[in-house]
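One-letter residues, chain by chain:
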Amino acid sequence: MYIEPNVFEERWEKLMHDFSLKNDSWFKHMFDIRSTWIPAYFIDTEMFGLMRTTQDLRRLKQESLDAQTIKKNPKLLTQLKIEKHALKVYTHAIFTIVQKEIYEALYSCLLDKMDKEEETEMYVVKEEKEKTKEGSNEEKQFFHYKVLHNSKDESMVCTCRHYLRYGLLCRRCFWVLKNKNIEEIPEKYIMRRWRRDIIPPELRSRRNRHGNENIVVQDSVNEITSVVYDCVELVGSDENMLKVIFEKLKLLKKEVEAQVPKPSKKKDDIIGNMIGVSKPSTIEIQKPPIGNYKGCANDKRLMSGKEKAIKESKKRKFTCGKCGRDDHNQRTCDKKKKAKEQAETSEI
């Protein structure tokens, strides 16, 4: 529900008075900066560019979304032709939002008053408030909105400013369109960013992405892609026709596979087809040598004293053949040295 600034200030004043909060410093500060956080003060500002982001334009993500949009059609909730038109022009995510508005326009909105002045019609549409508790005996509450519609240029605006915020028509506007037997959403109110055909299939082709020099082949691929895409679009949700197209495409695929040699399964060839560049026969650019930087840390962690002792205990131990000790060998044994010295002195 959207209110005017003067209504907000009156209700704020009453709230502060009822709960004795007039002297509270935090509430005073929040009221001073009310223009930065209360929607009533920037209700006329176009914010649909900030409220939502566009679809991810990466190729794999885009093709996946396109496949879902083509293969899976959401269930229609009404018999209105304008809902079918919304399904045709919007992506699935946006259509879900618009479909709810169309449904509520049909079952929750009623005409309260209508005035006409020259080419402008003013509708006062009342909307039933949803019940907060089941089984509540409270009387129905209605909120009133004004919708201005110009029959000359088909422009329309609602006091809720829903289109300025989200770039989508509200349920009151859809009620007016239904009341005037308009079967399609006016083109001026279908933002390009929400359309399912924002990116033509030919622009998503890999051949257009990697600078293929064969312009004739590139144009042929674009035309074939566009023809298949247009056929699927024309058929829409007709399951029988979709099956017929699918069977014919399968037969065509078999004919092509019989005439065209199978693509190579080598890794280099597959990568070359994906990026549009084949692997060169000679590699002129080599990887730069990688040296150890001064002060670079060692990959091996420091061993604890216990680990060092265990490692030493597992080593093979040698004993001296002369004295039997394990702290030296026979060549460096002191007993051997002494015997050698005694032999030299006896000869003298």
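Anything mentioned here points back to the structure above.
These figures come from a predicted structure and were not determined experimentally. (Residues numbered from 1 in each chain as written. Predicted model: local features only at pLDDT ≥ 70, side-chain atom pairs only at ≥ 80, totals over all residues. Heavy atoms only, no water.)

Draft legend 1. Spatial organisation of the nonpolar core. Formed by 31 residues in total, the largest nonpolar core has its most connected members in Y90, V98, V147, F174 and I185. Elements with a minimum of two residues in this core: α5 (81-89), α6 (92-107), β2 (120-128), β3 (142-150), β4 (155-158) and α8 (171-179). With near-sequence residues (within four places) excluded, Y90 lies in contact with F95, V98, L168, I185, Y189, I190, W194 and R196. Counting residues in hydrophobic clusters, the runner-up holds 6 residues, among them F8, W12, M30 and A40. (Core = buried A, V, L, I, M, F, W, Y, C linked by side-chain atoms within 4.5 Å. Buried < 20%, exposed > 50% of the residue type's maximum accessible area, 1.4 Å probe, protein only. Helix = DSSP H or I, 4+ residues; strand = E, 2+ residues; numbered from the N terminus. Contact = heavy atoms within 4.5 Å.)

Draft legend 2. A look at the sheet that holds strand β1 (residues 109-117). Taken together, the 4 strands give an open sheet; going across it, the order is β1-β2-β3-β4, and neighbouring strands pair in antiparallel fashion. One side of each edge strand has no neighbouring strand; the edge strands of this open sheet are β1 and β4. Taking the axes of each pair of neighbouring strands and ignoring which way they run, one obtains an average angle of 20° across the sheet. Along the sheet, α8 makes contact with β1, β2, β3 and β4, crossing β2 at roughly 120°. (Pairing = 2+ DSSP bridges. Axes fitted to C-alpha atoms, helices over the stretch in contact; angles between N-to-C directions.)

Draft legend 3. Summary view of helix α1 (residues 5-18). Between its terminal C-alpha atoms α1 stretches 20 Å, which fits the 20 Å expected from 14 residues at 1.5 Å a residue. Inspection of α1 places F8, W12 and M16 among the buried residues, and these make up the whole buried set. Buried residues in α1, looked at end-on, bunch into an arc of 65°, giving them a common side. In this structure, α1 carries E10, K14 and H17 as exposed residues pointing more than 90 degrees from its buried face. Each element contacted by the buried residues of α1 is listed here: α2 (25-32). (Expected span 1.5 Å × (residues − 1). Arc of directions from axis to C-beta.)

Draft legend 4. Here's a closer look at the side chain of E83. Structurally, the position occupied by E83 is in helix α5. The side chain of E83 sits in the buried core without any salt bridge; K84 is the nearest counter-charge, 8.4 Å away. Only 2.4 Å separates the side chain of E83 from the side chain of T78, close enough to count as a polar contact. (Lys, Arg positive; Asp, Glu negative; His and termini not counted. Salt bridge = Lys/Arg side-chain N within 4 Å of Asp/Glu carboxyl O. Polar contact = N/O pair within 3.5 Å; in protein donor to acceptor, adjacent residues only side chain to side chain.)

Draft legend 5. Inspection of unusual backbone geometry at higher detail. Positioned with a positive phi, E118 is a non-glycine residue whose angle comes to about 55°. Among the structural elements, E118 can be located in the loop between β1 and β2. Take E118: its relative accessible area is 73%, and that puts it in the exposed class. The backbone of R161 shows a phi angle near 60°, a positive value even though the residue is not glycine. Note on placement: R161 falls in the loop between β4 and α7 (162-166).

Draft legend 6. Up close: the side chain of E121. Following the sequence through the fold, E121 ends up in strand β2. There is a polar contact of 2.6 Å between the side chain of E121 and the side chain of Y123. Beyond its immediate sequence surroundings of up to four residues, E121 is in contact with M114, D115, K116, V147, L148, H149 and K180.

Draft legend 7. Local environment of the pattern of salt bridges. A full pass over the atoms with the stated rule returns 10 salt bridges. With a shortest N-O distance of 2.9 Å, K14 and D18 are connected by a salt bridge. Highlighted residues: K14 and D18, both in helix α1, separated by 4 residues, approximately one helical turn. Judged by its relative accessible area of 53%, K14 is exposed. R195 is paired through a salt bridge with E187; the nearest N and O atoms lie 2.9 Å apart. Judged by its relative accessible area of 17%, R195 falls in the buried class. The network of salt bridges with shared partners includes E101, E127, R171 and R172.

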